[in-house]
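Fold and geometry: a report
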Amino acid sequence: MTLRNVSRTPVKVTLVSGSREGDRRLSPAAELMPGRPVTLRRCHDEKYFFGILVRSMKPGVGVVKVVAVD
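For the structure given in this document, a descriptive report is provided here. Only a predicted model underlies this, so the values are computations on that prediction, with no experimental measurement involved.

1. Regarding the overall build of the chain
Assigned secondary structure in the chain consists of zero helices and seven strands. In terms of overall dimensions, the chain has C-alpha extents of about 35 × 25 × 15 Å along its principal axes. For the chain, buried positions account for 30% of its 70 residues. The long-range share in the chain, meaning contacts at least 24 apart out of those at least 6 apart in sequence, stands at 75%. Within the structure as shown, the chain displays about 4900 Å² of accessible surface, and the carbon and sulfur contribution to it stands at 51%. Across the chain, the 13 positively charged side chains and the 6 negatively charged ones have centroids separated by 9 Å.

2. Description of the nonpolar core
The biggest cluster of nonpolar side chains holds nine residues, and these are Met1, Leu3, Val11, Val13, Leu15, Ala30, Leu32, Val38 and Leu40. Only strand S2 (11-18) and strand S4 (30-32) provide two or more residues apiece to this core. Looking at this core element by element, the count peaks at three residues for S2.

3. Focus on the side chain of Asn5
Residue position: Asn5 is located in strand S1 (residues 2-5). For Asn5, the side chain forms a polar contact with the side chain of Ser7, separated by 2.7 Å. Other than its neighbours up to four places away in sequence, Asn5 contacts Pro10, Val11, Leu32, Met33, Pro34, Gly35, Arg36, Val63 and Val64.

4. Comments concerning a nonpolar patch on the surface
There is a patch of nonpolar side chains on the surface, built from Val6, Val61 and Val63 and spanning about 250 Å² of accessible area. Residue position: Val6 is located in the loop between S1 and S2.

Cut-offs used in this document
Residues numbered from 1 in each chain as written. Predicted model: local features only at pLDDT ≥ 70, side-chain atom pairs only at ≥ 80, totals over all residues. Heavy atoms only, no water. Helix = DSSP H or I, 4+ residues; strand = E, 2+ residues; numbered from the N terminus. Buried < 20%, exposed > 50% of the residue type's maximum accessible area, 1.4 Å probe, protein only. Contact = heavy atoms within 4.5 Å. Areas by Shrake-Rupley, 256 points an atom, 1.4 Å probe, with all protein chains shown as cover. Lys, Arg positive; Asp, Glu negative; His and termini not counted. Charge placed at Lys NZ, Arg CZ, Asp CG, Glu CD. Core = buried A, V, L, I, M, F, W, Y, C linked by side-chain atoms within 4.5 Å. Polar contact = N/O pair within 3.5 Å; in protein donor to acceptor, adjacent residues only side chain to side chain. Patch = residues over 30% accessible without salt bridge, like charges linked within 9 Å, V, L, I, M, F, W, Y side chains within 5 Å. Salt bridge = Lys/Arg side-chain N within 4 Å of Asp/Glu carboxyl O.

This is the structure in structure tokens:
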């Protein structure tokens, strides 16, 4: 999945995935500057994609947009 930061605030994006229900793994946080894209992928042994965490790095609202799904 490819995301783009559409806000004016830098954000950190983390993928939450796992190999089964109840197993949650967090990917290392990717720093995403305004206007920049990032592609998130599960590890090869993980079957489930549970969610994405988005955290603003500065005061303000961070917003990302899904631009592609692989």
